[in-house]
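Report on the structure
Take a look at the letters that make up each chain.
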Amino acid sequence: MNLSPDRNLAMELVRATEAAAIAAGRWMGRADKEAGDQAAVDAMRSMLTTVDIRGVVVIGEGEKDEAPMLFNGETVGSGYGPPTDIAVDPIDGTTMLAQGRPGALSVLAMAPRGTMFDPGPVMYMMKWVVGPNAVDRVDIDAPIAENLKAIADAEGKNIGDLTIVMLDRPRHDQMAAEVREAGARLSMISDGDIAGALSASLPTGGADALIGIGGTPEGVVTACAMKAIGGHMLARLYPRNDQERKAAIEQGYDLEKVLTTDDLVNSDDTVFVCTSITGGNFLNGVEYTGHGIRTTSLSMRSKSGTIRQITADHSMEKLQQLQTMA
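Thresholds, definitions, all that
- Residues numbered from 1 in each chain as written.
- Predicted model: local features only at pLDDT ≥ 70, side-chain atom pairs only at ≥ 80, totals over all residues.
- Heavy atoms only, no water.
- Helix = DSSP H or I, 4+ residues; strand = E, 2+ residues; numbered from the N terminus.
- Buried < 20%, exposed > 50% of the residue type's maximum accessible area, 1.4 Å probe, protein only.
- Lys, Arg positive; Asp, Glu negative; His and termini not counted.
- Salt bridge = Lys/Arg side-chain N within 4 Å of Asp/Glu carboxyl O.
- Polar contact = N/O pair within 3.5 Å; in protein donor to acceptor, adjacent residues only side chain to side chain.
- Contact = heavy atoms within 4.5 Å.
- pLDDT = per-residue confidence, 0-100.
- Expected span 1.5 Å × (residues − 1).
- Axes fitted to C-alpha atoms, helices over the stretch in contact; angles between N-to-C directions.
- Parallel < 35°, antiparallel > 145°, perpendicular 65-115°, else oblique.
- Left-handed = near helix turned anticlockwise from the far one by under 90°.
- Nonpolar A, V, L, I, M, F, W, Y, C, P; charged D, E, K, R; others polar.
- Pairing = 2+ DSSP bridges.
- Phe/Tyr/Trp six-rings, centres within 6.5 Å; stacked < 30°, edge-to-face > 60°.

Details of the side chain of aspartate 85
On the secondary structure map, aspartate 85 appears in strand S3 (residues 83-92). Lacking a salt bridge, the buried aspartate 85 has arginine 113 as its closest oppositely charged neighbour, with an N-O distance of 4.1 Å. A polar atom in the side chain of aspartate 85 sits 3.0 Å from the backbone nitrogen of threonine 115. Among the polar contacts listed, one links the side chain of aspartate 85 to the backbone nitrogen of methionine 116, at a separation of 3.0 Å. Filtering out sequence-adjacent residues up to four positions away, aspartate 85 remains in contact with Val56, Val58, Ala109, Met110, Ala111, Pro112, Arg113, Gly114, Thr115 and Met116.

See below:
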């Protein structure tokens, strides 16, 4: 029996992110994060029931008591096919969606059962993400200026030509100052560090690295994408407070360990798919036309190294049929 995710499953999973993006896109700019997120969760969960996997949600919407659907530990899929770990982020960038800003994505990743890192109680991690040319060129403990020089050398650029992506948070003030002092350009984003990591690692993404403290769930999802892109990620767990630190230590987590891409997903057969909701640097957002809906997605599979950009036109009649089937 083949226990690895089949290559055709990547295309099936795109249908789930497309459904989530279409449902969430109706809430663009309506200042209601919760409603938009719920619409995306419902649509993604419904479509996943049609995919032939025996999936377990490792990275989801939270624990069961807080998230009635797509919660950590939930089983998803048709119940047939390979056993898999599933990581979902129905909306990466809920604030962007609510405010009508570019950058919101619907995201899903998959790997063989037992290969995704479980971040446990620690919700944040320090991250460095770079593209294929800069693999093994950065050190998470090195000065930022030293890492930027290494990235510039790997990319054949001057430091002044680099673009560094960073979440716009007070906790990053010192890091942002060091990037500017080194002479690199800085792209501050309000939310959505999965999209930021893709910008930093895809050839057409427009950036050279993502730096900063962001969500651990998003880090695991990003690692699945890095496997397909050939990029590189370094991370270290970053407890928010003493309570989280104590819980992590009691559960056996090494808070000093540098986590690599392989630590975050221990498989070379990962699938990463995403559909743009509000548009951005490398994908168009959901477009509602007089005849239907157009979506733009990425599908990546590490085993084959395949990265596909998929533009799909959905007729309203077909969408209604799919929703009925799900």
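Picking up after the structure, the text goes on.
Things to note about the pattern of salt bridges
Under the criterion given, the structure shown has 13 salt bridges. Measuring nitrogen to oxygen at the nearest pair gives 2.7 Å for the salt bridge that ties aspartate 193 to lysine 127. Of this pair, aspartate 193 sits in helix H6 (residues 193-201) while lysine 127 is found in strand S5 (residues 124-130), placing the two residues 66 residues apart along the sequence. A salt bridge links aspartate 262 to lysine 227; its shortest N-O distance comes to 2.4 Å. Here lysine 227 lies in helix H7 (residues 216-229) and aspartate 262 lies in helix H9 (residues 261-264), a separation of 35 residues in the sequence. Assessed through its relative accessible area of 15%, lysine 227 is described here as buried. Salt bridges sharing common partners tie together Lys227, Asp262 and Asp268.

Structural notes on unusual backbone geometry
For leucine 70, which is not a glycine, the phi torsion comes out positive at approximately 60°. Its place among the elements puts leucine 70 in the loop between strand S1 (54-59) and strand S2 (75-76).

Focus: the confidence of the model for the protein chain
On average, the protein chain scores 91 in pLDDT, and the residues at 70 or more come to 92%. Segment residues 322-326 is flagged for pLDDT under 50; beyond a separation of four residues in sequence, or across chains, it makes 6 contacts in the model.

Overview of helix H2 (residues 33-48)
Taking 1.5 Å of rise per residue, the 16 residues of H2 would be expected to cover 22 Å, and the 22 Å separating its terminal C-alpha atoms lies within 8% of that figure. Buried residues of H2: Gly36, Asp37, Ala39, Ala40, Val41, Ala43, Met44, Arg45, Met47 and Leu48, and no others.

Topic: the environment of isoleucine 91
Tracing the backbone through its elements, the reader meets isoleucine 91 in strand S3. On the basis of relative accessible area, isoleucine 91 is assigned to the buried category, the value being 4%. Between the C-alpha atom of isoleucine 91 and that of aspartate 37, which follows or precedes it by 54 residues, the distance is 6.3 Å.

Quick notes on the side chain of serine 201
Structurally, serine 201 is set in helix H6. Residue serine 201 is classed as buried on the basis of its relative accessible area of 3%. In this structure the side chain of serine 201 is engaged in a polar contact, spanning 2.8 Å, whose partner is the backbone oxygen of alanine 197. Not counting the four nearest positions on each side in its chain, serine 201 is found in contact with Val130, Gly131, Pro132, Met226 and Ile229.

Quick notes on the environment of aspartate 136
Position of aspartate 136 relative to the elements: it lies in the loop between S5 and helix H4 (144-155). Taking the relative accessible area as the measure of exposure, aspartate 136 reaches 62% and is therefore exposed.

Points about the packing of H6 against H7
Put simply, H6 and H7 touch, their axes get as near as 10 Å, and they point 25° apart. The angle between the axes of H6 and H7 places the two elements in the roughly parallel class. The interaxial crossing formed by H6 with H7 has right-handed handedness. Taken together, the residues of H7 that come into contact with H6 (itself represented by Asp193, Ile194, Ala197, Leu198 and Ser201) are Glu218, Val221, Thr222, Ala225, Met226 and Ile229. Across the contact of H6 with H7, the residue classes break down as 7 nonpolar, 2 polar and 2 charged.

Considering the sheet that holds strand S6 (residues 163-167)
If you walk across this open sheet you meet the 6 strands as S7-S6-S8-S5-S9-S10, and the pairing is mixed. Lying at the two open borders of the sheet, with one neighbouring strand each, are strand S7 (185-189) and strand S10 (259-260). Note: strand S9 (residues 232-237) against S10, 2 bridges, orientation antiparallel. When the sheet's bridge partners are listed, alanine 235 is paired in S10 with leucine 259.

Quick notes on the packing of aromatic side chains
A full pass over the atoms with the stated rule returns 1 aromatic pair. With 6.1 Å between their ring centres and 85° between their planes, phenylalanine 117 and tyrosine 253 make a pair best called edge-to-face. Taken together, the residues span a long stretch of sequence, with phenylalanine 117 in the loop between strand S4 (105-112) and S5 and tyrosine 253 in the loop between helix H8 (242-250) and S10 at a distance of 136 residues. On the accessibility criterion, tyrosine 253 (18% relative accessible area) is buried.

So, H6
Counting buried positions along H6 yields 9 of 9 residues, so the element is predominantly enclosed. Within the sequence span of H6, burial applies to Asp193, Ile194, Ala195, Gly196, Ala197, Leu198, Ser199, Ala200 and Ser201.

Considerations on the pairing of S4
Burial within S4 is extensive, with 8 of its 8 residues counted as buried. Note that S3 and S4 share 7 bridges and pair antiparallel. Of the residues in S4, the one forming a bridge with aspartate 89 is valine 107. Inspection of the sheet shows S4 paired to strand S11 (residues 271-276) by 6 bridges, in the antiparallel sense. Residue pairing across strands places leucine 105 opposite serine 276, the latter belonging to S11.

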